[in-house]
Structure formats: structure tokens, C-alpha cells
Amino acid sequence: MSRPRRPLARTILTPILAVLGAGAWLAGLAALPSPASAEGADKPTLTVYTYDSFSAEWGPGPQLKAQFETSCACTLDFVGLDDGVAILNRLKLEGPSTRADVALGLTSDLIPEAKATGLFTDSGVDTAELTVPAGFSDPVFVPYDYSYLAFVYDTETVKTPPTSLADLISGDPDQKIVIEDPRTSTPGLGFLLWMKAVYGDDAAAKWRELQPRILTVTPGWSEAYGLFTKGEVPIVLSYTTSPAYHEIEEKTDRYQAAAFDEGHYLQIEIAGILKSSEHRELAQRFLAFLVSKEAQQTLPTTNWALPVRGDIDLPEAFSHLVTVEKPLLIDPETVAQNRRAWTDEWLQAVGAR
């Protein structure tokens, strides 16, 4: 989770500009040889698919790139995609021919589905000492941060925030909310599972009750949060950690997360190595770096999520966040078996297309 993302057009233009830049560089090289440039060209490039707010200039990507490249003798290339679910969708389309060495930004809910593609290999990273709520142990994927889903509200508009999912569902339909699409977005999928964890077989009926409050369903988190910060909607599906960003970066406590009695859904972000990677050893070093103290100290105030190490000093603003007494999490195998059916149920109830 990070700040609202730049338009995807920037991501689409990047390869085009890279090609043009390469042509200009080659022309210059013919006229004026550069040993330093030649030496740089020999460095391996580690390509990491992630979500675009992670790779953006305001996200953790640039800092992590600078930190890792000081010792890897490589170039770290983050490729920003729309959201966590979109990363998996992209890998399914590309298959073994993908140029990605690492996928970063899926959630633990997607582990069985990701493994079923046959595209991933064991990480080789020891995660035994990492501290993740509900525990985490998997030979393929490495957790690097986590947060809890929450509805963030504008205190200047919402004077009585919801205190539960039931309260949100039965609230004033004129006070709109914005949520994300579970087919393309990890918070959208998380909310789908949150509703299922609380309401079970009654989830479809609860979705129908909630539908009048939904202003729109966005493809990803950044579009939804952008509508919220522009004042177009007073409540948005985001994370308990979102207010820390506003407090630290904008020096305001205007935006707050509503604490829900039924609990909050836990979202664990993970990274994995692609079996087709030609730089597996380098990819393993990157995943080990991702859970190092140096990288973990960077993530909370750039990705606005909680670290998976217990020795990280968090800013004072993180002590003001909602304390989650009831973490909710559905077993990933159950998610894999039911995700399509639960998504169809959501589509029929909400009417999204």
C-alpha cells in the first residue's frame, strides 16, 4: 500500500522511451567510446514485477533499488503494474516466457493459485524469524510486509464513522463509499474475503444491502484513494496504516481508519522467484535483502505497511493507528477453491462489470 499512483500511461510509455534512448546511446557510442558505459552494460538486470505505487518515485522502489545496487553489481528494474492481482494475471498470460525474475506484491491469499501456475520456484530464504500475525511458513514465497484492511474516512465530512461491517452496510446510502474490484485488486479481493469471513453464506445478501452506498468500483487502490483525497467520496476501502501517511507526510490527522467490532482482514504481501529466471541466485539475494533490517526500515514510511521484523523502529504516528483485536484471515487453500464462485456472487450482487 502506498500513495495514489501515477497514470498507467507512464508505465506504457517507459519501454518506448527506453528504445529511443538506446538508439541515441548507440549513436553516441560510435562517435565517442565510453568504457564506463560498456562496463555497465555487462551488469545483469534483475526484473521485478510489482504494483506501480511500489515502483513510483514516492514509493519504496527507488530507495530499495539504490540500497540493493550498492552491493549486487547489478541493475534492479522494477516494472510497475496495476495491482497485486493484476501481477498474477499478467504472469498467467506470459507464462514461462515472462521477462520477470521476481514477482512482488501478491498476497498470501493467492499462494495456492500462484503455485498452480507452475511458474515459481523455492525462494531459498529462511523466514523462520520473521514476525507475521497468524504465522507464515512457505518454501516458495517470502512475506515482506502486512497490514489490515480498513475503511478510511474524512473526519471533516463523516462525523459518525461506522464501527462495524454491519454499521457500514446499514449506513446512510447518501454517504457514499468507494471500493476496489476483487478481480484486479488485492484490497478488493481482501474485502471480498472480509465479507465472507464475517457473513459466510449470507455474504451475497449483505453485498446487495451495501450496494446502494457504493459510488463506484475501481480497478485498483490508487484510483479509489485518489477519488477519496480529491473529496469526491468521504469513505474509501484502504488500510489501517493509511492515516500514518497523512500524519507524517501531510502533518494532518484529518483522515482516520474506522475500527470495526467484527475485526479487520489481514493482508500479507509476498514476493517469489520465477522458475524461468536466468538470475535465480541474484533473485534469492534480493528476497533476502527485502527482509533485511535495512529494507524493512525503509518500507513502513514508503509502502505504508507494517514490517515483518520485530527489530524495526516505527515512527510515533504508527502508535496512533487502529489496534486490531480480531485479525481475520481465510485459509489460502479455501480461497483458491472458492475465489471464482465468491467473485461471481459479488458480481451478481453489486452489479459491477
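Residues numbered from 1 in each chain as written. Predicted model: local features only at pLDDT ≥ 70, side-chain atom pairs only at ≥ 80, totals over all residues. Heavy atoms only, no water.

Visitor: Teacher, can you tell me more about the overall build of the protein here?
Guide: Each helix and strand counted, the protein has 14 helices and 12 strands in total. Here the protein holds 353 residues, and 52% of them are scored as buried. In the protein, 79% of the contacts between residues at least 6 apart in sequence involve partners at least 24 apart. Summing over all exposed atoms, the protein offers an accessible surface of approximately 15,300 Å²; the carbon and sulfur share of this is 52%. (Helix = DSSP H or I, 4+ residues; strand = E, 2+ residues; numbered from the N terminus. Buried < 20%, exposed > 50% of the residue type's maximum accessible area, 1.4 Å probe, protein only. Contact = heavy atoms within 4.5 Å. Areas by Shrake-Rupley, 256 points an atom, 1.4 Å probe, with all protein chains shown as cover.)

Visitor: Would you take a moment to explain the pattern of salt bridges for this structure?
Guide: Pairing between side chains of opposite charge can happen when the charged atoms of each approach one another. All chains considered together, the criterion is met by 12 salt bridges. Put simply, arginine 183 and aspartate 181 hold a salt bridge, and the shortest N to O gap is 2.6 Å. Here the residues in one salt-bridge network are Lys92, Glu113 and Arg339, joined through shared partners. (Salt bridge = Lys/Arg side-chain N within 4 Å of Asp/Glu carboxyl O.)

Visitor: What's the story with the packing of helix α8 (residues 186–199) against helix α9 (residues 203–210) in this structure? I'm lost.
Guide: Put simply, α8 and α9 touch, their axes get as near as 9 Å, and they point 120 degrees apart. Relative to α9, the element α8 lies oblique. Like other packed secondary-structure pairs, α8 and α9 cross with a definite hand, here right-handed. Contacts between α8 and α9 pair Phe191, Leu192, Met195, Lys196 and Tyr199 from the former with Ala203, Lys206, Trp207 and Leu210 from the latter. In the contact of α8 with α9, the residues fall into seven nonpolar, no polar and two charged. (Axes fitted to C-alpha atoms, helices over the stretch in contact; angles between N-to-C directions. Parallel < 35°, antiparallel > 145°, perpendicular 65-115°, else oblique. Left-handed = near helix turned anticlockwise from the far one by under 90°. Nonpolar A, V, L, I, M, F, W, Y, C, P; charged D, E, K, R; others polar.)

Visitor: Got a minute to help me understand the environment of isoleucine 270 in this structure?
Guide: Among the secondary structure elements, isoleucine 270 is positioned in strand β10 (residues 264–274). In this structure the C-alpha to C-alpha distance between isoleucine 270 and leucine 287, which are 17 residues apart in sequence, comes to 9.8 Å. Contact partners of isoleucine 270, with chain neighbours within four places excluded, come to Ala103, Leu104, Gly105, Leu106, Thr107, Ser108, Ile111, Phe136, Phe141, Val142, Pro143 and Tyr144.

Visitor: Before we go on, may I ask you to explain unusual backbone geometry in this structure?
Guide: Note on backbone geometry: most residues besides glycine have negative phi, and most peptide bonds are trans. A positive phi angle, near 75 degrees, is found at alanine 134, a position not held by glycine. Residue placement: alanine 134 occurs in the loop between β4 (120–121) and β5 (142–154). Judged by relative accessible area, which is 71%, alanine 134 ranks as exposed. For lysine 251, which is not a glycine, the phi torsion comes out positive at approximately 55 degrees.

Visitor: Hey, could you run me through the nonpolar core in this one?
Guide: Generally speaking, soluble globular proteins have nonpolar side chains that are buried together. Counting 108 residues, the largest nonpolar core has Phe151, Phe191, Trp194, Trp207 and Phe286 as its most contacted members. Here this core gets nine residues from one element, more than from any other, and that element is β5. (Core = buried A, V, L, I, M, F, W, Y, C linked by side-chain atoms within 4.5 Å.)

Visitor: Any chance you could explain the packing of aromatic side chains here in plain terms?
Guide: For any pair of aromatic rings, geometry is given as the distance between the ring centres together with the angle between the planes. In the structure shown here, the tally under the stated rule is 21 aromatic pairs. Taken together, a centroid distance of 6.1 Å and an interplanar angle of 20 degrees make the contact between phenylalanine 151 and phenylalanine 260 stacked. In this pair, phenylalanine 151 sits in strand β5 while phenylalanine 260 sits in the loop between β9 (255–257) and β10, placing the two residues 109 residues apart along the sequence. A relative accessible area of 6% means that phenylalanine 260 is categorised as buried. For the ring pair phenylalanine 191 and tryptophan 207, a centre distance of 5.0 Å and an interplane angle of 80 degrees mean the geometry is edge-to-face. Of the two residues, phenylalanine 191 is situated in helix α8 and tryptophan 207 in helix α9; the sequence distance between them amounts to 16 residues. (Phe/Tyr/Trp six-rings, centres within 6.5 Å; stacked < 30°, edge-to-face > 60°.)

Visitor: Hey, could you run me through the state of the cysteines in this one?
Guide: Two cysteines whose sulfur atoms are joined by a covalent bond form what is called a disulfide. For the coordinates displayed, the defined rule picks out one disulfide. Paired through a disulfide, cysteine 72 and cysteine 74 show a sulfur-sulfur distance of 2.0 Å. Residues cysteine 72 and cysteine 74 share a disulfide whose torsion about the S-S bond is about -90 degrees; that sign makes it left-handed. The two residues cysteine 72 and cysteine 74 agree in class, both being buried. (Disulfide = S-S within 2.5 Å.)

Visitor: What exactly am I supposed to notice about the confidence of the model for the protein here?
Guide: The predicted coordinates ought not to be read in detail in places where the model reports low pLDDT. In this model, the protein carries an average pLDDT of 90, and 88% of its residues clear a pLDDT of 70 or more. Across residues 2–39, where pLDDT falls below 50, the model places 35 contacts with residues more than four positions away in sequence or in other chains. (pLDDT = per-residue confidence, 0-100.)

Visitor: What am I meant to see in the pairing of strand β2 (residues 75–81) here?
Guide: Across the seven residues of β2, five count as buried, placing the element largely inside the fold. Here seven bridges tie strand β1 (residues 45–51) to β2, and the two strands are oriented parallel to one another. The residue bridging threonine 45 from the neighbouring strand is threonine 75, located in β2. (Pairing = 2+ DSSP bridges.)

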